[in-house]
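Here is how the chains run, residue by residue.
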Amino acid sequence: MVDIPTPSLFYDGKPQTSSSTQTFQSIDPSTALPLTTITTSTPTDIDAAIASAARAFPTWSSTPAPSRARILLHAASLLRSRTPFLATLETLDTGKAYSETSAIDVATGADALEYFAHLVASSGLSGEATPLRPDAWVYTAKAPLGVCAALGAWNYPLQIALWKAAAGLAAGNTLVYKPSEVTPLHSSVLAALFAEAGLPPGVFNVVQGGGETGAYLAAHPGIAKVSFTGQVATGRKVAAAAGAGLKYVTMELGGKSALVVLADAEVEQAVDGAMMANFYSSGQVCTNGTRVFVPRRMKEAFEAALLRKMRFIRPGDLMDPATNFGPLVSRVHHEKVVGYIRHGIEVDRATLLHGGLGKLDLPDGVAEELKSGFWVRPTVFTDCTDDMRIVKEEIFGPVMSILTYDTVEEVVRRANDTTLGLAAGVFTKDLNLAHKVIAQLEAGITWINTWGESPAEMSVGGWKMSGVGVENGRRGIEAWVRNKSTLVDMAGEVATVFSKL
Ligand code: NAD
């Protein structure tokens, strides 16, 4: 295993001692055993981190973009070279299998650093010029926003930190980052890695704590923008606090996304998509396609193929390369997900096709302490209806709901019948129909014949209650800059009405 670093307050380029005595614990979800104890940051600590970021801003924002990019590229290469260590930390903290964290979590974070480094170095921050008359024109310039707060969720801790840092820092902002209190292990390791890569002191800072720490940051007058990833209910509070100070925001929130299998789809391919959309990361992915719409006539074949593939879900020792299913992240979240499964069985009365309540069978020979972890059985409900609570609310666990439909018009209407709009997707061989359906689905992130891939090149952000703004892709940088318009007049005299009596 690895030496577990104790996450700390970090500003002025180094770890700092918190002025608080209040602490919280990081827990290993696979065993429920504590990993380390973290000291909460106080308002005084947070003020100091913001002040550090404010001192660093003038120099960092005026550093030429290619020089900023060089440092971010160096950080990306350090991240990649330390994948085994960083992925192990993420596995310990989140309970996700090492086969996932080593393949996705570190790499997709490094990808974003590289993407935005290259984007700004190759004039990603350039503005536009608009001729008005032969002797006058307007040009625009983009400027970073200032000191920004980045608030993370617990499902992709390092990736979320890096997606925010990559675009935010490349654009010339300085950041104060607060990881989720549930998964803080990566935070000061990342800050130290940035410092090693050459990031000047104060450009990336870390504070520790839960909702109170986040709320203090979101309302702080020294913060220009809040980039938030988390639940809709929290996002509303954060956006309201930021709105009171007229701060910029991006909100990456929850979803209850529709995966639509069209009548001509390859059943095996659609089932593979549905498996990824519900059981990858034990269902703790914001873009999960948890409402799986299947044509009535395909239901039997779809469920038979699904049940065959459920056997390929392999819980176990998270460091075993064969393991592809971990526990839920925390005791609180475990109770929430189990509560939804119970509700699905007892109140919604959906048909339980697979899984349900009770202990998940772990393979023979796993360490005894794994039996105390926050495991839940991968669960499939069928014969679901749109009004069931398990169909309407984000569960954020390995719980799939299968719904049947008869016509394309009907499935589009039902897929859109939600206040959320994070992701959606279709499976079909008919690409004309695929594009027509995708065009009608009310979601910011959509897929055709695949599910879940979210490369740095792809802007991602929710519609409706699932979010405001986007991360990644070319549009991702726009969320971290403001524009200045300048009108230049070269006529040699000012057009004035004050030249004559
Ligand atoms: P959460 O809302 O409970 O917490 C998110 C962050 O907000 C944490 O750092 C938390 O400490 C902080 N926080 C809590 N109360 C706060 C307050 N009043 N003011 C400021 N900050 C506060 O979310 P979570 O349970 O950590 O994450 C799971 C949720 O995140 C799911 O709903 C999931 O869909 C969503 N998510 C969305 C995306 C996306 O890109 N759209 C990505 C990952 C996760």
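Computed from a prediction, not measured in an experiment: that's the story for all the values here.

Caption draft 1: Molecular detail of the overall build of the protein. Counting its regular elements, the protein contains 15 helices and 22 strands. In terms of overall dimensions, the protein is globule-like: its C-alpha atoms have a radius of gyration of 24 Å, near the 23 Å expected for 501 residues. Each principal axis of the C-alpha distribution contributes one length, and for the protein these read about 85 × 55 × 40 Å. A burial count over the protein gives 56% of its 501 residues as buried.

Caption draft 2: Here's a closer look at the pairing of strand 16 (residues 399-405). Of all the seven residues making up strand 16, seven are buried; the element is thus mostly covered by neighbouring parts of the structure. Burial of strand 16 is two-sided: the residues Val399, Ser401, Leu403 and Tyr405 facing one way and the residues Met400, Ile402 and Thr404 facing the other way are all buried. Pairing of strand 13 (residues 291-295) with strand 16 involves five bridges; the strand directions are parallel. Its bridge partner lying in strand 16, Phe293 is registered against Leu403. Where strand 15 (residues 379-382) and strand 16 come together, three bridges link them in parallel fashion. Bridging across to strand 16, Thr379 finds its partner in Val399.

Caption draft 3: Inspection of the packing of aromatic side chains at higher detail. Counted according to the given criterion, the structure contains six aromatic pairs. Joined through ring pairs, the aromatic side chains of Tyr177, Phe194 and Phe204 make up one cluster. Taking the ring centre of Tyr156 as reference, the NZ or CZ of Lys96 above it sits at 3.3 Å. The ring of Trp480 carries Lys225 above its face, with NZ or CZ at 4.2 Å from the centroid.

Caption draft 4: Up close: the UniProt feature "domain: Aldehyde dehydrogenase" (unreviewed entry) in the protein. According to UniProt, the "domain: Aldehyde dehydrogenase" (unreviewed entry) feature falls on residues 19-485. Along residues 19-485 the backbone is 41% helical and 20% strand, and the end-to-end C-alpha distance reaches 44 Å.

Caption draft 5: Structural detail: the pattern of salt bridges. Evaluated as defined, the whole model comprises 22 salt bridges. As a salt-bridge pair, Lys142 and Glu478 come within 3.4 Å of each other at their nearest N and O atoms. Of this pair, Lys142 sits in strand 6 (residues 136-144) while Glu478 sits in helix 15 (residues 473-478), and the two are 336 residues apart along the sequence. According to the relative accessible area criterion, Glu478 is partly exposed, its value standing at 35%. Ionic pairing is found between Arg308 and Glu268, a salt bridge with its closest N-O pair at 2.7 Å. Here Glu268 lies in helix 9 (residues 267-279) and Arg308 lies in helix 10 (residues 299-310), a separation of 40 residues in the sequence. Residues joined in a network through salt bridges with shared partners are Glu268, Asp272, Arg308 and Lys309.

Caption draft 6: Highlighting the UniProt feature "active site" (unreviewed entry) in the protein. Under the UniProt annotation, the feature "active site" (unreviewed entry) is placed at Glu252. You can see Glu252 is positioned in strand 11 (residues 248-252). Given the relative accessible area of 9%, Glu252 is considered buried. For Glu252, the contacting residues outside a window of four places in its chain are Phe228, Thr229, Gly230, Val460, Gly461, Ser466, Gly469, Val470 and Glu471.

Definitions and limits used
Residues numbered from 1 in each chain as written. Predicted model: local features only at pLDDT ≥ 70, side-chain atom pairs only at ≥ 80, totals over all residues. Heavy atoms only, no water. Helix = DSSP H or I, 4+ residues; strand = E, 2+ residues; numbered from the N terminus. Rg over C-alpha atoms; globule rule 2.2 N^0.38 Å. Buried < 20%, exposed > 50% of the residue type's maximum accessible area, 1.4 Å probe, protein only. Pairing = 2+ DSSP bridges. Phe/Tyr/Trp six-rings, centres within 6.5 Å; stacked < 30°, edge-to-face > 60°. Lys NZ or Arg CZ within 6 Å of the ring centre and 35° of its normal. UniProt positions renumbered as here; feature names shortened; annotations may be inferred. Salt bridge = Lys/Arg side-chain N within 4 Å of Asp/Glu carboxyl O. Contact = heavy atoms within 4.5 Å.

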